[in-house]
Amino acid sequence: MPFVTAPRLILQPLALAASLLLAGVAQAQSLQELYDAARGYDATYLATRNSADAAAARAAQAEALIRPSLYLSGSGTVAQTDPPSSASFNTRTLTAGLQGKYSVYNASNIPTIDKARRAYAVAQADLDLAEQDLIVRLATAYFDVLAAKDALTTSRANKTGIAEQLASAKRNFEVGTATITDTREAQARYDLAVAQELAADNDLRVKRVTLDQFVGRVGVEPKGLAVPVALPALPSENVDTWVATADDQHPGVRKARLGLEMAQLDTQIARAGEKPTLDASATLGGQNQHNSLGGLAAAQAGAGTSKNASIGLTLSYPLYTGGATQNRIKETLVLEERARNDFDFARRKVAEDTRRAFFGVQSLKAQVGAYEAAESSTKLALEATQLGYKVGVRVNLDVLNAQTQLYTTQRDLAKARYDVVVNSLRLRQASGQLRPEDVAAANALLAR
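So, here is what we can say about the structure in this document. (Residues numbered from 1 in each chain as written. Predicted model: local features only at pLDDT ≥ 70, side-chain atom pairs only at ≥ 80, totals over all residues. Heavy atoms only, no water.)

### Some details on the nonpolar core
As a rule of thumb, soluble globular proteins bury nonpolar side chains together.
Part 1: Formed by 41 residues in total, the largest nonpolar core has its most connected members in Leu 31, Leu 138, Tyr 142, Phe 143 and Leu 211.
Part 2: Listed by contribution, the elements that provide at least two residues to this core are α2 (31-38), α3 (43-62), α4 (109-174), α5 (180-215), α9 (396-430) and α10 (436-443).
Part 3: The element that contributes the greatest number of residues to this core is α4, accounting for 16 residues.
Part 4: Residues within four places of Tyr 142 in sequence aside, it is in contact with Gln 29, Ser 30, Leu 31, Leu 34, Leu 211, Pro 222, Lys 223 and Leu 446.
Part 5: Counting residues in each nonpolar core, the second largest holds 10 residues, with Val 239, Ala 351, Val 361 and Leu 427 among its members. (Core = buried A, V, L, I, M, F, W, Y, C linked by side-chain atoms within 4.5 Å. Buried < 20%, exposed > 50% of the residue type's maximum accessible area, 1.4 Å probe, protein only. Helix = DSSP H or I, 4+ residues; strand = E, 2+ residues; numbered from the N terminus. Contact = heavy atoms within 4.5 Å.)

Have a look at this one:
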């Protein structure tokens, strides 16, 4: 029996990743911490929140249409008249008054106010969409970093195992128990592993930059999943339940429905252009006038104060507007039909996205189960291959392939678990159910 040197036991990638996580647990940030920070830093989310605040102010502005208005006015003038005579005539006038106005009847006022309120509701729907998008974007970046760390750890562990096999092949070649082919195969695998490690390291750096920009920090360190990993079950395993909920709750559907209602209100406002308006107005004022003669002998010519008050109604009825009103009505009717089509499209799109997300999560959960079975199988296969190498029935390349298969399976298993968490959030987003509380639920899956 030829003498061979058995390779040393290599740490599994996930075990190594766990040890690295424990070493840096004091500096690691949870998903909840980063989400709280991102809500106060992410420019896209903050801009949408500003738009919602502005929409609230516009809705309040529209309320003024059914309220009276009151203005205070004042003026002062000085006039001088120089006739051919030696004396000039000077006039100083001071005027002050209050002016009030109230719209007694205007058919466009109520629809305009209702439209402003719905515009505010649209802005709130946009804010909900932005918050859901922030959650998914942050969770994706968070778990992308964890997946990249696992990929780097896998590459390093794979390189370490191949290095051991390379050293073993060189020793066996020196003592004459192996051919140069084993050494060259191990060297080629080792060189490839070095290149893969460099690529994985660069990918991790890029993923970290993406995560850092969400919170405006440098060196954000995410926590890994708690071990043993317990992925949450879906609240419902019926896709039709998710679709029905999406049609009722999704902010995109709500926004499209509000858009249709606003288009209908635009038609009402346009039709109001054919109806009369009635406005009430009142004024209360006073005037003080002072007249004097100037020149060599100045003398007061006279002074006086007067008061005035008035109240009235103004009726306006459009007889002919050059076709503007009628064509405006035609335009709003067409836009109303477009809004109805947009609403139908939004409902269909949300239903499609919800189904896609649901089946995606189902598939990923099945993949996790398959990868867990594959991990057990590849461990046994590696042990059998190593034993066969010791007794001379397997060659060095077989061991290298078995090691690589195990590391790849463990990496893919970890990535599938991360994808289940992220895509579960995407499913809730697609169905309009994603809330900040779901961040806390995902955060509970992480290591303490």
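### Some points on the packing of aromatic side chains
Part 1: A complete count under the given rule lists 3 aromatic pairs for this structure.
Part 2: The interplanar angle of 70 degrees and the centroid separation of 5.4 Å between the aromatic rings of Tyr 142 and Phe 143 together place this pair among those described as edge-to-face. The pair formed by Tyr 142 and Phe 143 is uniform in burial state, with each residue classed as buried.
Part 3: Consider the rings of Phe 143 and Tyr 418, whose centres lie 5.7 Å apart with planes at 35 degrees: the pair is tilted. Of this pair, Phe 143 sits in helix α4 while Tyr 418 sits in helix α9; the two residues are 275 residues apart in sequence, bridging distant segments of the chain. For the pair Phe 143 and Tyr 418, a shared accessibility class is recorded, and that class is buried.
Part 4: Through pairs of rings, three or more aromatic residues link up here, namely Tyr 142, Phe 143 and Tyr 418. (Phe/Tyr/Trp six-rings, centres within 6.5 Å; stacked < 30°, edge-to-face > 60°.)

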